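Examining the three-dimensional arrangement
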Amino acid sequence: MAADSSASVSTMAMRRILPTDLVERGRCPFDPPPGLRGQGAIRPVDLLNGARAWLVTGFDEARTVLSDARFSADKLRHHDATSPRPPGPAGQETAERADGIFVFMDPPEHTRLRRPLTGQFTVRRMRQLEARVREIAVEHIEAMRAAGPEADLVPAFALPLPSLVICELLGVDYADRAEFQERTAVALDASATPEEQGAARAGLYAFMGRLVALKRAEPADDLLSGLVHDTDPPLTDRQLTDVALGLLNAGHETTANMLSLSTFALLEHPDRLAELRADPGLIEGAVEELLRYLSIIQLGVSRVTTEPVTLGGVELPAGATVVIATPEANRDPRQWPDPDVLDLRRPRVPHLAFGHGVHQCLGQQLARIELRIGLGELISRLPGLRLAVPAGQVPVRDEMLIFGVRSLPVTWS
């Protein structure tokens, strides 16, 4: 794989060195892990690899880390204590990077790769995709109803919806979508063996390489064709393949987990579900509140200080690893009244579900569309939707840094 790594590989390795109380949820699966709570906005934490990092749980402090250029995302040039990668060789800090993993880059390299993508996520393309998102959602719900009245919402709905939308976005041919979905499912399956995941990722990388070559020879009206032909200076095949895989990682697993976990949360808050059924106009605000309340990105975002920095009254030396605790930052009582309450009518204020600063999620509007349409269609087309097992039997997934459920058995009237 390019640059020996990817965002998903890095976050899985990071998960293994975090103390369990920072990632394993307590009795309520929707609340942040107990180790994140009540110990100040920033504090040192000893990792299981013997290194020390600084944990940021305050909202304002997290926004500072994500927007201040003194906190670097470049895991090649700056040694991150949460990364399995050893410190780079001398002189690497001045060498131009040849990969396209821009989530682990700083400006100006990050800017060069991200700017063309920003131009591809146009309002026109998002509006075109909105109609297709609804078609895909309705198609899968009707298939569930035809086979019902019971289904596992994860493979039947939450996983295929964003996968097929990514296919539309990248311009994957219909004939190739089964292979794409199969390899993606294995690569992101935490229950798969490392060998199975490695083979699936290698297959995905080869798949994306072939797709880049196809778009170079036969461009179409899709995002990847635009990146191939409209970027000046042009991106290399390696960069294009890395960027395409980055979009897959960012836009597939996160949305799939938000769809299933949001449904689980609404089913466990029947009054909130009843509110949405009675007033579908609440759905946009409900999506924002669910993004804040659930915060499925646990501790996957880290930065390294490039010089001494004072953050929240704490002195950080140069080279310090800082880890953002998104679930707790999005429950900061200094930012929200009653932050542990799911309130679908809460006034809309900024949250960190999509990050902040130059690395803020490019596809956030598409994710909102998928969540708004996906949840809205589920609620309207499956009357009496409810869990088919006791809530305590729903298997949660905290073995990776993207929180969610491994399965969600549901039934309906």
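Residues numbered from 1 in each chain as written. Predicted model: local features only at pLDDT ≥ 70, side-chain atom pairs only at ≥ 80, totals over all residues. Heavy atoms only, no water.

Attention shifts here to the packing of aromatic side chains. Counted by the stated rule, this structure contains two aromatic pairs. On the basis of an interplanar angle of 65° and a centroid distance of 5.0 Å, the ring pair of Phe 30 and Phe 264 is categorised as edge-to-face. Here the residue Phe 30 occupies a position in the loop between α1 (7-15) and β1 (42-46), and Phe 264 occupies one in helix α10 (residues 237-267), the gap between them amounting to 234 residues. Relative accessible area serves as the criterion here: at 4%, Phe 30 is assigned to the buried category. The interplanar angle of 80° and the centroid separation of 5.1 Å between the aromatic rings of Phe 59 and Trp 336 together place this pair among those described as edge-to-face. On the criterion of sequence distance, the pair formed by Phe 59 in helix α2 (residues 59-67) and Trp 336 in the loop between α13 (326-329) and α14 (364-381) is long-range, its members being 277 residues apart. Take Phe 59: its relative accessible area is 2%, and that puts it in the buried class. Residue Trp 336 is classed as buried on the basis of its relative accessible area, which comes to 3%. (Phe/Tyr/Trp six-rings, centres within 6.5 Å; stacked < 30°, edge-to-face > 60°. Helix = DSSP H or I, 4+ residues; strand = E, 2+ residues; numbered from the N terminus. Buried < 20%, exposed > 50% of the residue type's maximum accessible area, 1.4 Å probe, protein only.)

This brings us to the sheet that holds strand β5 (residues 301-305). Here we have five strands laid out as an open sheet, ordered β1-β2-β8-β5-β3, and mixed in their pairing. If you trace the sheet from one side to the other, it starts and ends with β1 and β3 (71-72), each paired once. Lying on the sheet, α2 is in contact with β2 (52-56), β3, β5 and β8 (321-324); it crosses β8 at an angle near 125°. (Pairing = 2+ DSSP bridges. Contact = heavy atoms within 4.5 Å. Axes fitted to C-alpha atoms, helices over the stretch in contact; angles between N-to-C directions.)

Right, let's talk about the confidence of the model for the protein for a bit. Detailed reading of the predicted coordinates is not advisable wherever pLDDT falls low. The predicted model of the protein averages 89 in pLDDT, with 93% of residues at 70 or higher. Per-residue pLDDT stays below 50 along residues 1-9; that stretch engages in 21 contacts with residues further than four places along the chain or on separate chains. (pLDDT = per-residue confidence, 0-100.)

Further remarks concern the packing of helix α8 (residues 194-217) against α10. Packing of α8 against α10 leaves a shortest axis separation of 9 Å and a crossing angle of 120°. Taken as axis vectors, α8 and α10 run oblique relative to one another. Relative to α10, α8 is oriented so that their crossing is right-handed. Together, Leu 204, Tyr 205, Met 208, Gly 209, Val 212 and Arg 216 of α8 and Asp 237, Arg 238, Leu 240, Thr 241, Asp 242, Ala 244, Leu 245 and Leu 248 of α10 make up the contact between the two elements. Here the residues of the contact of α8 with α10 are counted per class, giving eight nonpolar, two polar and four charged. (Parallel < 35°, antiparallel > 145°, perpendicular 65-115°, else oblique. Left-handed = near helix turned anticlockwise from the far one by under 90°. Nonpolar A, V, L, I, M, F, W, Y, C, P; charged D, E, K, R; others polar.)

Moving on: the sheet that holds strand β9 (residues 386-387). Strand order in the open sheet formed by three strands is β4-β12-β9, and the pairing between neighbours is antiparallel. This sheet does not close on itself; its edge strands, each paired only once, are β4 (150-152) and β9.

Turning our eyes to something else, we now look at the pairing of β5. In summary, the side chains of a regular strand alternate between the two faces of the sheet. Most of β5 sits inside the fold, with four of its five residues counted as buried. Here β3 pairs with β5 via two bridges, running antiparallel. Its bridge partner lying in β5, Ser 72 is registered against Val 304.

Let us look at empty space enclosed by the protein. Taken as a whole and assessed by the stated rule, the structure comprises four cavities of 30 Å³ or more. Here the second largest cavity defines a volume of roughly 90 Å³. For the second largest cavity, the full set of lining residues is Gly 285, Glu 288, Glu 289, Arg 292, Trp 336, Arg 346, Pro 347, Arg 348, Val 349 and His 351. Its residues assigned to classes, the lining of the second largest cavity comprises three nonpolar, two polar and five charged. (1 Å grid on protein atoms, 1.4 Å probe; cavity = no way out; pocket = protein on both sides within 12 Å on 5 of 7 lines; lining within 4 Å. Points joined across faces, edges and corners; volume = space filled by probe spheres on them.)

Moving on: the nonpolar core. With 87 residues, the main nonpolar core has Leu 117, Phe 157, Phe 180, Leu 294 and Leu 408 as its most contacted residues. Among the elements that make up this core, the one with the highest residue count is α10 (13 residues). Apart from residues lying up to four places away in sequence, Phe 180 is in contact with Ser 163, Ile 166, Cys 167, Val 172, Leu 204, Phe 207, Met 208 and Leu 248. Trp 54, Ala 62, Val 65 and Phe 71 belong to the second-largest nonpolar core, a separate cluster that totals 18 residues. (Core = buried A, V, L, I, M, F, W, Y, C linked by side-chain atoms within 4.5 Å.)

The buried fraction of β2 is high, at four of five residues. Relative to β2, β1 runs antiparallel, the two sharing five bridges. Residue Pro 44 lies in a different strand from β2, and its bridge partner there is Trp 54. Between β1 and β2, which pair antiparallel in sequence order, lie five residues; one of them, Gly 50, sits at a positive phi of approximately 90°.

Scanning all chains against the criterion turns up 32 salt bridges. Put simply, Arg 134 and Glu 377 hold a salt bridge, and the shortest N to O gap is 2.7 Å. Of this pair, Arg 134 sits in helix α4 (residues 123-147) while Glu 377 is found in helix α14, placing the two residues 243 residues apart along the sequence. In this structure, Arg 145 and Glu 142 form a salt bridge, with 3.5 Å as the shortest nitrogen-oxygen distance. Highlighted residues: Arg 145 and Glu 142, both in helix α4, separated by three residues, approximately one helical turn. When salt bridges with common partners are traced through the structure, they connect Asp 31, Arg 37, Glu 328, Arg 331 and Asp 340 into a single cluster. (Salt bridge = Lys/Arg side-chain N within 4 Å of Asp/Glu carboxyl O.)

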